[in-house]
Amino acid sequence: MGSGLIGRGEELGALRRLLAQGRLVTVVGGAGMGKSVLAEHAAAAVGGTLPDGVVRVRWWEGGPARGRSVARVVADALDGAADGALGEAGAGGAARTGGGPVGIVELAARLRERRLLLVLDDFDPVREECVRLVRALLAEAPGVRVLAAGRHPLGLGEEAVLRLGPLAVVADPGARVAGAETGVAEPDKTARPGPARSPGTDSIAAGEVGPAAETEVGPAVILFLTRVRAVRGGLATGVIRLRRAPGTGGPAAPHSGPDLASPTEPRARSRDTARIPSDGVEFSDDDVRAARDICRRLEGVPLAIELAAVQAAHHPLPRLARLLADDAQGRLSRPDAPLRRHRSLRAAVGAGYALCGTVERTVWARLSVFAGEFDGDAAAFVCGGEGLDARKVPAALARLVLASVLEPVRDVGGVLTARYRMSAAARGFGAERLRSAGAGAAAVSRHQYWYGHVASTAHHLWSTGRHERAMALVRDEEADLRAALTRRPGDADQVSTALALAVDLWFWWAICGRAAEGRTHLRRLLPMDGAETWVRAQALWLAGWLAVCTDSSDAAALLGEAWQAAVLAGDDATVGRVCHVLGALALQEGRTEQAVAHLRAAADAVAAHAEHGPPTAVSWALLAVAQTRVDPAEARRSARRAATCPQPRHDLWTRSMTQYAQALVDHLGGRRSRAWRRAHKALAGALGVAGVVPATAVPAAAALAAPPGAARVRELIADIEAGRTPSPPLFPRPAIDR
């Protein structure tokens with residue numbers, strides 16, 4: 001990794017404070033987070049205040065110390081410092097020829113009167129021996145301070161731990177980039193905005209950041225562009241210029257650019273493209289956007305960013321971003337890196353894998369099937385079996401957290417259930433191990449089964465009126481629910497499970513504004529399932545509903561196929577759901593008589609407690625709305641039926657629709673006072689639903705099942721107060737969710 005410290009100003013300050021307050025500090029982080037670089041800068045800043053300076057020891061290759069004890073390696077470093085050389089030694093280097101065996105006791109006695117900073121870098125391969133040494137030094141050598149850097153804390157009582165995370169891709173709007181003592185860019189949230197700059201250029205440099213970059217460019221992007229600049233022949237320090245269109249002060253004008261099929265093809269020289277001037281490298285807005293995309297895909301990991309920057313010598317940044325979109329970060333490499341495990345991201349992650357036990361390795365590999373955050377129950381279910389006792393998984397998770405393989409999203413032991421996240425690099429390495437072990441199919445099957453259960457739970461929460469909890473559950477698990485739907489099924493059972501999962505999430509697709517995504521999943525899965533089952537019938541009905549929401553031309557064909565499949569499967573509820581969608585669509589288009597016929601059939605066919613899709617009360621309420629123009633007496637009876645249907649206590653969705661229909665019927669019947677009260681109740685329900693479902697999502701399904709939006713209810717209230725008759729159409733054509 002490069003020696004410059006970018007984006008770690010706060011961490012460096014915190015580390016210096018910890019070293020001033022205590023005698024043992026450990027910098028902990030995952031592979032490639034920059035632990036050694038941060039420790040090096042902190043040691044350089046703190047070591048000058050100690051009479052005996054800094055002694056640094058590093059275990060270079062992530063393996064054993066080649067027959068030498070930790071005490072012997074530290075003694076060699078001390079001897080080097082005494083001889084006037086740099087006080088540094090590596091476990092992989094050649095042993096010094098002088099001196100006899102050195103033990104922990106002898107080393108502690110030798111350091112008893114010394115005042116120095118001992119840096120134990122990359123100590124993980126010899127962690128247990130380091131623990132014994134540090135414990136002895138803390139007890140016997142009061143003038144020695146210890147700074148350790150590794151993936152796992154030492155676990156001693158006096159230890160202060162600084163956990164190092166990834167660099168931010170998007171900057172804090174209140175932060176700017178300021179120069180530190182090292183002469184490199186670091187975040188400084190206390191500094192004032194930099195000086196004025198010419199209108200054609202935004203600069204990211206020591207002490208200067210442009211208005212656009214201040215809110216868009218984070219330290220990860222700055223690190224990447226700095227390394228790209230060095231790779232492409234620019235100076236290591238100075239100004240990184242974000243080139244804009246001349247005379248505009250705005251973004252550079254778009255351009256088609258050259259064909260990027262060949263990485264060695266010369267780049268077109270244009271005023272809007274990145275170029276390499278004699279005094280540095282200028283980056284267009286397109287380059288900065290590509291850099292931001294690259295850093296986001298690399299999750300802000302400094303080593304991955306630096307390895308990707310090396311590839312910028314061979315690829316334009318937009319092409320490099322596309323290459324990394326194919327999960328190619330594990331293939332990023334730099335053969336000339338000093339440390340073997342820093343020559344590729346895969347090697348860095350693999351060094352940590354080699355230090356794990358058998359159980360941890362197995363759990364790591366099986367956890368790779370998760371696409372997002374997960375909790376301990378999900379991990380135990382997915383990882384258990386196939387020779388691994390599920391009861392061992394929680395302890396393995398804890399050890400993987402300590403080894404910086406997993407990141408806890410919530411504090412373990414807190415009020416909320418602990419959740420974990422695995423980096424893309426660790427997940428990719430684990431997936432490789434899982435495939436080589438031949439256990440991938442079993443883990444994927446368990447993962448799909450578990451998230452089928454999650455989708456079923458979310459459906460139950462929604463159906464019982466707990467909409468907010470249902471939405472929160474789906475949002476938390478969205479990445480893995482999507483993974484369970486997008487992975488290619490291995491057999492017919494997995495196809496059926498995936499279809500059932502999609503149907504359980506009907507409210508997420510149709511009510512919450514994800515119609516296009518749900519339609520895509522169903523379009524891919526339905527041709528794989530040839531069995532005439534109730535699951536297929538429901539999936540066809542949902543596909544037809546979503547096709548209407550997205551204005552797809554195959555909506556009628558899908559609804560017809562769904563009706564036929566439901567009849568063959570004896571599924572009256574799905575027949576009713578199909579009629580409901582057809583009736584709502586007819587009401588939208590002004591075909592009132594057909595709407596009434598379809599909605600009456602839906603209300604009669606759907607049982608009170610039928611699962612999936614709009615409740616019976618919604619069909620009766622929509623029927624009442626349709627009947628207000630042709631048969632007010634029947635509309636009143638339908639609205640009364642809607643109100644008497646069983647409804648969950650907190651189901652704002654159903655109650656808002658029912659109260660809207662009652663208010664409309666009362667208003668047209670001349671009962672203005674009652675209509676006004678019910679309309680306000682409907683408004684409260686609509687506002688309650690809007691607090692759960694995004695406001696932009698509700699109109700896309702409003703005419704089909706969702707409650708009328710707050711604006712529509714307010715129109716009804718205004719009509720009631722003014723004594724006006726609502727003008728058709730009662731439900732305007734909804735906005736289309738593409």
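These figures come from a predicted structure and were not determined experimentally. (Residues numbered from 1 in each chain as written. Predicted model: local features only at pLDDT ≥ 70, side-chain atom pairs only at ≥ 80, totals over all residues. Heavy atoms only, no water.)

Observations concerning the pattern of salt bridges
Part 1 of the argument: According to the stated counting rule, one finds 30 salt bridges in the structure shown.
Part 2 of the argument: A salt bridge links Arg297 to Asp293; the nearest nitrogen and oxygen atoms lie 3.4 Å apart. Taken as a pair, Arg297 and Asp293 lie in helix α8 (residues 285-297) at a separation of 4 residues, close to a single helical turn.
Part 3 of the argument: Taking the relative accessible area as the measure of exposure, Arg297 reaches 35% and is therefore partly exposed.
Part 4 of the argument: Given a relative accessible area of 23%, Asp293 falls into the partly exposed group.
Part 5 of the argument: Across the salt bridge formed by Glu360 and Arg399, the nearest N and O atoms sit 2.2 Å from each other. Taken as a pair, Glu360 in helix α12 (residues 358-367) and Arg399 in helix α14 (residues 393-402) lie far apart in primary sequence, 39 residues in all. (Salt bridge = Lys/Arg side-chain N within 4 Å of Asp/Glu carboxyl O. Helix = DSSP H or I, 4+ residues; strand = E, 2+ residues; numbered from the N terminus. Buried < 20%, exposed > 50% of the residue type's maximum accessible area, 1.4 Å probe, protein only.)

Quick look at unusual backbone geometry
Part 1 of the argument: At Glu299, a residue that is not glycine, the phi angle is positive and equals roughly 60°.
Part 2 of the argument: You can see Glu299 is positioned in the loop between α8 and α9 (302-310).
Part 3 of the argument: In this structure Glu299 comes out as partly exposed when scored by relative accessible area, which is 32%.
Part 4 of the argument: For Asp551, which is not a glycine, the phi torsion comes out positive at approximately 60°.
Part 5 of the argument: Looking at the element boundaries, Asp551 is found in the loop between α22 (534-549) and α23 (555-569).
Part 6 of the argument: Overall, the relative accessible area of 41% leaves Asp551 in the partly exposed class.

Notes on the side chain of Thr26
Part 1 of the argument: By the secondary structure assignment, Thr26 is in strand β1 (residues 24-29).
Part 2 of the argument: At a separation of 2.4 Å, a polar atom in the side chain of Thr26 contacts the side chain of Glu159.
Part 3 of the argument: Those residues within four positions of Thr26 in sequence are excluded, and the remaining contacts are Phe123, Ala148, His152, Pro153, Leu154, Glu159, Ala160, Val161 and Leu162. (Polar contact = N/O pair within 3.5 Å; in protein donor to acceptor, adjacent residues only side chain to side chain. Contact = heavy atoms within 4.5 Å.)

Brief notes about the packing of helix α19 (residues 492-504) against α22
Angle between the axes and distance between the axes are the two parameters that describe a pair of packed helices.
Part 1 of the argument: Across the interface, α19 lies against α22 with an axial gap of 9 Å and an inter-helix angle of 45°. By the angle class used here, α19 and α22 are oblique. Taken as a pair, α19 and α22 cross one another with a handedness that is left-handed. Touching Ser496, Leu499, Ala500, Ala502 and Val503 of α19 are Val535, Gln538, Ala539 and Leu542, all from α22.
Part 2 of the argument: Classifying every residue of the contact of α19 with α22 gives 7 nonpolar, 2 polar and no charged. (Axes fitted to C-alpha atoms, helices over the stretch in contact; angles between N-to-C directions. Parallel < 35°, antiparallel > 145°, perpendicular 65-115°, else oblique. Left-handed = near helix turned anticlockwise from the far one by under 90°. Nonpolar A, V, L, I, M, F, W, Y, C, P; charged D, E, K, R; others polar.)

A look at the confidence of the model for the protein
The predicted coordinates should not be examined in detail at positions where pLDDT is low.
Part 1 of the argument: Summing up the model confidence of the protein, the mean pLDDT is 78 and the portion of residues at 70 or higher is 76%.
Part 2 of the argument: Averaged pLDDT values over the elements of the protein bottom out at 35 in strand β9 (residues 201-204) and peak at 96 in α12.
Part 3 of the argument: Scored below 50 in pLDDT, residues 235-280 makes 93 contacts in the model with residues more than four places away or belonging to other chains.
Part 4 of the argument: Confidence drops under a pLDDT of 50 for residues 729-738, and excluding neighbours within four residues, the segment shows 39 contacts in the predicted structure. (pLDDT = per-residue confidence, 0-100.)

Structural notes on the sheet that holds strand β12 (residues 374-375)
Part 1 of the argument: Here 3 strands make up an open sheet; going across it, the order is β12-β14-β13 and the pairing antiparallel. This sheet does not close on itself; its edge strands, each paired only once, are β12 and β13 (406-408).
Part 2 of the argument: Of the pairings in the sheet, the one linking β13 to strand β14 (residues 419-422) comprises 3 bridges and is antiparallel in character. The partner of Leu406 across the bridge, within β14, is Met422. (Pairing = 2+ DSSP bridges.)

Some points on the nonpolar core
Taken as a class, soluble globular proteins show a tendency for nonpolar side chains to be buried jointly.
Part 1 of the argument: Judged by nonpolar contacts, the single largest core of 142 residues is most densely connected at Leu147, Phe224, Trp364, Leu367, Phe374, Tyr451 and Phe507.
Part 2 of the argument: Ranked by the residues each element gives to this core, the list is headed by α22, at 12 residues.
Part 3 of the argument: Excluding residues that lie within four positions of it along the chain, Phe374 makes contacts with Leu367, Ala379, Leu397, Leu406, Ala418, Arg419, Tyr420 and Tyr451.
Part 4 of the argument: Core analysis: the next-biggest nonpolar cluster, separate from the first, contains 36 residues, Ala595, Ala635, Ala642 and Tyr660 among them. (Core = buried A, V, L, I, M, F, W, Y, C linked by side-chain atoms within 4.5 Å.)

Re the pairing of strand β4 (residues 116-121)
Part 1 of the argument: Burial analysis of β4 places 6 of its 6 residues in the buried class, the great majority of the element.
Part 2 of the argument: In the sheet, strand β2 (residues 54-58) pairs with β4 via 5 bridges, with the strands oriented parallel. From the neighbouring strand, Val57 faces β4, where its bridge partner is Leu120.
Part 3 of the argument: Taken together, the 6 bridges between β4 and strand β5 (residues 144-150) define a ladder with parallel strand orientation. Residue pairing for β5: Val119 is matched across the bridge by Leu147.

A closer look at the packing of helix α24 (residues 572-588) against helix α25 (residues 592-605)
Part 1 of the argument: Where α24 meets α25, the closest approach of the two axes is 7 Å, and the angle between their N-to-C directions is 155°. Put simply, α24 runs roughly antiparallel to α25. Viewed along their axes, α24 and α25 form a crossing whose handedness is left-handed. Seen from α24, the contacting residues are Asp572, Ala573, Gly576, Cys579, His580, Leu582, Gly583, Ala584, Ala586 and Leu587; seen from α25, they are Gln594, Ala595, His598, Leu599, Ala601, Ala602 and Ala605.
Part 2 of the argument: Here the contact of α24 with α25 is built from residues that sort into 11 nonpolar, 5 polar and 1 charged.

Section: helix α2 (residues 35-47)
Part 1 of the argument: Here α2 spans 17 Å end to end across 13 residues, near enough to the 18 Å set by a 1.5 Å rise per residue.
Part 2 of the argument: Burial analysis of α2 places 10 of its 13 residues in the buried class, the great majority of the element.
Part 3 of the argument: The complete set of buried residues in α2 reads Lys35, Ser36, Val37, Leu38, Ala39, His41, Ala42, Ala43, Val46 and Gly47.
Part 4 of the argument: Where the residues of α2 are buried, they touch α1 (9-21), β1, β2, β4, β5 and β6 (160-164). (Expected span 1.5 Å × (residues − 1).)

Thoughts on the environment of Asp122
Part 1 of the argument: Note on placement: Asp122 falls in the loop between β4 and α5 (127-140).
Part 2 of the argument: For the pair Asp122 and Lys35, spaced 87 residues apart in the sequence, the C-alpha separation amounts to 8.7 Å.
Part 3 of the argument: Sequence-distant contacts of Asp122, that is, excluding residues within four places in its chain, are made with Ser36, Arg58, Trp59, Ala149, Leu339 and Arg341.

A look at the environment of Gly47
Part 1 of the argument: With respect to the helices and strands, Gly47 occurs in helix α2.
Part 2 of the argument: For the pair Gly47 and Arg115, spaced 68 residues apart in sequence, the C-alpha to C-alpha distance is 9.9 Å.
Part 3 of the argument: Apart from the residues within four sequence positions on either side, Gly47 is in contact with Gly53 and Val54.

Re the packing of aromatic side chains
Part 1 of the argument: Across all of its chains, the model carries 12 aromatic pairs by this definition.
Part 2 of the argument: A connected cluster of aromatic rings, assembled from ring pairs, spans Trp462, Trp506, Phe507, Trp541 and Trp545.
Part 3 of the argument: Over the aromatic face of Trp508 sits the side chain of Arg514, whose NZ or CZ is 4.1 Å from the ring centroid. (Phe/Tyr/Trp six-rings, centres within 6.5 Å; stacked < 30°, edge-to-face > 60°. Lys NZ or Arg CZ within 6 Å of the ring centre and 35° of its normal.)

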